[in-house]
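Inside the fold
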Amino acid sequence: MSGIHEVRLGDCPICGGKNTLKALNYLHEIPYFGKVMESTIICEKCGYRNADVMLLEEKEPKLYTVKVEEEKDLFTRVVRSKSGTIELEEIGIKIEPGPASQGFVTNIEGVLERARETLLMAKNFKKEENEEESIKKIEEILNYIEGVKEGKKPLTVRIMDPFGNSALIGEKVKSRLLTKEEVTKLSKGPYVVYDPSEEVK
């Protein structure tokens, strides 16, 4: 069932407009994500907007791995849902989902660019605090990232998702199911997992 459905939500929490808040929900299917509901909340009075994407299917928890060894490996697709954790092994970077986590579709080069931008911001903070050791370590990681982009240094990339909605897509990608123990150690992002067996009788 696809198409846009409008729902009235009542008063706006921003401007207090009476019954001016509405949600536009669009149900459709996205490759690798499955059934999805895109929801946009809009106030007709003040123009307040808030958008979100909700995955409506739960798949088996999975781990995907790829070894980046040459430039063409950088084009491996990265589909990361709100609950996906990305690990860049050789440089010790882990991108974990938080409460405001967003899903995205990119490639490994795009992930490296996000990591590079974050490291450059961290480097500026460390410069202000005169933390020479930290600056040196950040510069080493930045140099390693450049080496990976040039196909001169290897990088093992993993993506893990307790709900199975994230993936790496490419010729060299290997995948397996996550163990229960691995799943319990992963951040769930903005999602709350309800287990009725944990209820106190």
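To be clear, the structure that these remarks concern was listed above.
So, here is what we can say about the structure in this document. (Residues numbered from 1 in each chain as written. Predicted model: local features only at pLDDT ≥ 70, side-chain atom pairs only at ≥ 80, totals over all residues. Heavy atoms only, no water.)

**Observations concerning the overall build of the chain**
Scanning the chain for helices and strands turns up 3 helices and 12 strands. Each of the three principal axes of the chain carries a C-alpha extent, and together these read 60 × 45 × 45 Å. Across the 201 residues of the chain, 39% fall into the buried class. Across the chain, every contact between residues at least 6 apart in sequence was considered, and the portion connecting residues at least 24 apart equals 59%. For the chain, the computed accessible surface area is about 12,400 Å², with 52% contributed by carbon and sulfur atoms. Of the side chains in the chain, 32 bear a positive and 36 a negative charge, and the two mean positions are spaced by 2 Å. (Helix = DSSP H or I, 4+ residues; strand = E, 2+ residues; numbered from the N terminus. Buried < 20%, exposed > 50% of the residue type's maximum accessible area, 1.4 Å probe, protein only. Contact = heavy atoms within 4.5 Å. Areas by Shrake-Rupley, 256 points an atom, 1.4 Å probe, with all protein chains shown as cover. Lys, Arg positive; Asp, Glu negative; His and termini not counted. Charge placed at Lys NZ, Arg CZ, Asp CG, Glu CD.)

**Regarding the environment of Asn-130**
Position of Asn-130 among the secondary structure elements: in the loop between α1 (108-128) and α2 (132-149). Each C-alpha atom, one on Asn-130 and one on Val-148, is 28 Å from the other, the two residues being 18 residues apart in sequence.

**Digging into the pattern of salt bridges**
Within the structure shown, the criterion is met by 18 salt bridges. Arg-8 is paired through a salt bridge with Glu-6; the nearest N and O atoms lie 3.7 Å apart. Under the relative-accessibility criterion, Arg-8 is labelled partly exposed at 40%. Note on Glu-6: relative accessible area 48%, which makes it partly exposed. The salt bridge partner of Glu-44 is Lys-22, with a shortest N-O separation of 3.5 Å. Of the two residues, Glu-44 sits in the loop between β3 (34-43) and β4 (49-55) while Lys-22 sits in strand β2 (residues 21-30), which places them 22 residues apart along the sequence. The exposure class of Lys-22 is buried, given its relative accessible area of 16%. Here the salt bridges share partners, and the residues they tie into one network are Glu-6, Arg-8, Lys-22 and Glu-44. (Salt bridge = Lys/Arg side-chain N within 4 Å of Asp/Glu carboxyl O.)

**Some remarks on the nonpolar core**
Core analysis: the biggest nonpolar cluster contains 27 residues, and Leu-88 and Val-157 have the highest contact counts within it. Taken together, the elements giving at least two residues each to this core come down to β5 (62-68), β7 (85-88), α1, α2, β10 (155-161) and β11 (167-169). For this core, the element with the most residues is α2, which contributes 6 residues. With residues near it in sequence (within four places) discarded, Val-157 still touches Tyr-64, Thr-65, Val-66, Val-68, Ile-86, Glu-87, Leu-88, Ile-108 and Leu-168. (Core = buried A, V, L, I, M, F, W, Y, C linked by side-chain atoms within 4.5 Å.)

**Concerning unusual backbone geometry**
Of note in this structure, Asn-19 is not a glycine but carries a positive phi near 55°. Structurally, the position occupied by Asn-19 is in the loop between β1 (3-10) and β2. With a phi angle near 55°, Asn-130 is a residue other than glycine that sits in the positive phi range. Classification of Asn-130 by relative accessible area gives exposed; the value is 60%.

**Side note on α1**
Taking 1.5 Å per residue as the helical rise, α1 with its 21 residues ought to reach 30 Å, and the 31 Å between its terminal C-alpha atoms agrees with that figure. All buried positions along α1 are accounted for by Ile-108, Gly-110, Val-111, Leu-112, Ala-115, Leu-119 and Lys-123. The N-capping residue of α1, defined by a side-chain oxygen 3.2 Å from the backbone nitrogen of Glu-109, is Asn-107. Where α1 ends, the next residue or the one after it, Asn-130, has phi of about 55°, a positive value. (Expected span 1.5 Å × (residues − 1). Polar contact = N/O pair within 3.5 Å; in protein donor to acceptor, adjacent residues only side chain to side chain.)

As far as function goes, none of this settles anything; it's purely spatial.
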